Amino acid sequence: MEAPGRSDLLRKLKALGKEELEGFKDKLSEVLLEGGSEPIPKTPADPAALTDLLLRHCRGDSKAVLKVLEDVEARLQKASSHPQQERKPSTCTKAGNSGPKSQFTQSGNEIPPGEGGTLASAIAFMKRYLSFTGSKAEAMGKQSRKEDPTWDNWRTDKCKLCPREEDPSEEISPEIIRGPDGNQETYRVHLPGAGSFHCSETKLGLEVRAAVTVQYRYGFWDQHLSVWSTPKWMIAGPLFSIQAEPAGAVAAIHLPHFLCLRGADTSWMQIAHFIEEGMTLEKPMQVRPFHAVLENPSFSLYGVVWGNRSKPPILIHSIVLLYWALKMAKTTLHLYIIPNDHSRFKAVDDYEKQCPSRLVSTSLQTHKPLTFDSCYIVSSHANIEVTPKELEFCNIQAECLQSYMEIYTKDIQGGLEFSLVEKINKEPIWEAHVKPEDATLSVSSVQTQTDEHFVSQHREQLIQRVMAVDGILDSLCGSVLDLEQIQSIRAERSSMEKMRKLYELVPKWDNDCKDRLYQALKEKHRPLVEELEGI
């Protein structure tokens, strides 16, 4: 699905003559500069580039586009009052004879009679179109995004500065094949016929002409960049090793990237293609907000790169990952800042699961795109220890260990609030509120991460060292133990015998009962539990 009105805006701009298009570009540049955008590059006016720039600036909002067009119109009218500054109109064809019809029409006519390809008529039509579609959208606006069938299937609403991508494709869940080491995963999809698809796991997109089987996995950039001069180019997305059978059935691939392209010169983007003879750079057929499109791929290794010489530095779509280290003393959190790159997310997640740790449920996306080599610190009113004191946002590849901060606190019972702020200007880029239940050892975390519940894992230590057995029995009364069971346990002479009697019942318990015993132990014997968790 296109951004609101894109095809109609583009069609009207294409109908303009060169002089009028340049005039529109000049005034649009003035308006966007005042709105905080980067200057429009001093290149010949391009209708598609101007359309996308306008929609990116307005974040696809029809009302915002309408306001910009009104400002452009006012500036053009002001300029026309000075004859020496007035541009000579050029002869243009009528827009009604160019391009497909709009989704919305006005009284059955795509363009009202008498409106040709002049700049004034183009702006008038775009304003009228946007007013109509804006009203229609507002009338339908009660519908939620998930309920809306036109909702962007790419799920690329990841940046407030970038529009959603056009042409929704069908999401597919690939078959996941694990390698001999259990870590390297290969993805495989069987596509039944012609269509546009995207992978739910990797965000790789595929346009196919006919039925095809595609197999792909993440590659390692560092294995191929050792023979490549990297200072000129920056890695801008995951590297994919792709195979297809039959290969000719794939018309195009959509390679994910993590660059925020608002106001950027997209000619700096290239696709690195690694073959036996070496590496070549290929120009993408289309650059989208979150993907680069390559037509008729020959397959092997592909990944998106960006020219390092571009000024100012390109912005990066970024996410923050927060993990709770299960076996560390007290409450210990690991905080990562990485580009919004699924291959790096997966690498971090695989590493943390081995610690073992679990992902804390928080917002992932930063408030704005970041720049590489910027530094961030943690700010909080709570009593916490942070190591290291600052974290640099770096372009570390997925195959390498990512840098992280370790946040330590003794008490999380009242919750923990903190934010990540830029070191220089102290502007917050991300906040978190970790609640006690987010950092509580549960059946899912213990069994998934260690394959054995804490209660079973530390049976001998708990039998020997737990003293407040009666208090624990009180906590379990009714929810886990009945009165007869409690009386039987309390009949034993020593604490050790009572705990051994209690453990006779544990094999019959489900995980919820074991969790309740864990919570009771933590309430009555917190130092012991924390010691065992740190083993």
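Coordinates for the structure precede this section.
Remember, it's a predicted structure, so these values are computed and weren't measured experimentally.

Draft legend 1. Expanded view of the packing of helix α11 (residues 469-476) against helix α13 (residues 495-503). In contact at an axis separation of 10 Å, α11 and α13 are set at 30 degrees when each is read in the N-to-C sense. Relative to α13, the element α11 lies roughly parallel. Judged by residue contacts, V469, D470 and L473 of α11 engage S495, K498, M499 and L502 from α13. Residue composition of the contact of α11 with α13, by class: 4 nonpolar, 1 polar and 2 charged.

Draft legend 2. The arrangement of the sheet that holds strand β4 (residues 195-199) in detail. Taken in spatial order, the 6 strands of this open sheet run β1-β4-β5-β9-β14-β13, and their pairing is mixed. Since the sheet does not close on itself, it has two edges, and those belong to β1 (170-172) and β13 (286-287), each with one partner. By the bridge criterion, 3 bridges tie β1 to β4 in an arrangement that is parallel. Looking at β4, one finds that I172 is bridged to C199.

Draft legend 3. The side chain of T366, seen in detail. Mapped onto the secondary structure, T366 falls in the loop between β19 (357-359) and β20 (375-379). One polar contact links the side chain of T366 to the main-chain carbonyl oxygen of K368, over a distance of 2.8 Å. If we ignore the near neighbours within four places in the chain, the residues touching T366 are S318, I319, V320 and I429.

Draft legend 4. Region of interest: the packing of aromatic side chains. Counted according to the given criterion, the structure contains 10 aromatic pairs. Seen in terms of ring centroids, Y187 and Y218 are 6.3 Å apart; in terms of plane orientation they differ by 80 degrees. Their pairing is edge-to-face. Here Y187, found in strand β3 (residues 185-191), pairs with Y218, found in strand β6 (residues 212-218); they are 31 residues apart in sequence, far enough to count as distant. Among the residues examined, Y187 registers a relative accessible area of 0% and is labelled buried. Relative to F240, the ring of Y218 lies with its centre 5.3 Å away and its plane at 40 degrees, an arrangement referred to as tilted. With a gap of 22 residues between them, Y218 in strand β6 and F240 in strand β8 (residues 240-245) connect regions that are remote in the sequence. The same class applies to Y218 and to F240, which are both buried. Grouping aromatic residues by their ring pairs yields a cluster made of Y187, Y216, Y218 and F240.

Draft legend 5. Looking closely at the pattern of salt bridges. Under the defined criterion, the tally for this structure stands at 15 salt bridges. Here E175 ties to R188 by a salt bridge, and the two come within 3.1 Å at their closest N and O atoms. With E175 in strand β2 (residues 175-178) and R188 in strand β3, this residue pair connects regions lying 13 residues apart in the sequence. For K346, the salt bridge is made with D350, and the minimal N-O distance between the two is 2.8 Å. Here the residue K346 and the residue D350 both occupy positions in helix α7 (residues 342-354), the gap between them amounting to 4 residues, near one helical turn. Given the relative accessible area of 17%, K346 is considered buried.

Scoring rules and cut-offs
Residues numbered from 1 in each chain as written. Predicted model: local features only at pLDDT ≥ 70, side-chain atom pairs only at ≥ 80, totals over all residues. Heavy atoms only, no water. Axes fitted to C-alpha atoms, helices over the stretch in contact; angles between N-to-C directions. Helix = DSSP H or I, 4+ residues; strand = E, 2+ residues; numbered from the N terminus. Parallel < 35°, antiparallel > 145°, perpendicular 65-115°, else oblique. Contact = heavy atoms within 4.5 Å. Nonpolar A, V, L, I, M, F, W, Y, C, P; charged D, E, K, R; others polar. Pairing = 2+ DSSP bridges. Polar contact = N/O pair within 3.5 Å; in protein donor to acceptor, adjacent residues only side chain to side chain. Phe/Tyr/Trp six-rings, centres within 6.5 Å; stacked < 30°, edge-to-face > 60°. Buried < 20%, exposed > 50% of the residue type's maximum accessible area, 1.4 Å probe, protein only. Salt bridge = Lys/Arg side-chain N within 4 Å of Asp/Glu carboxyl O.

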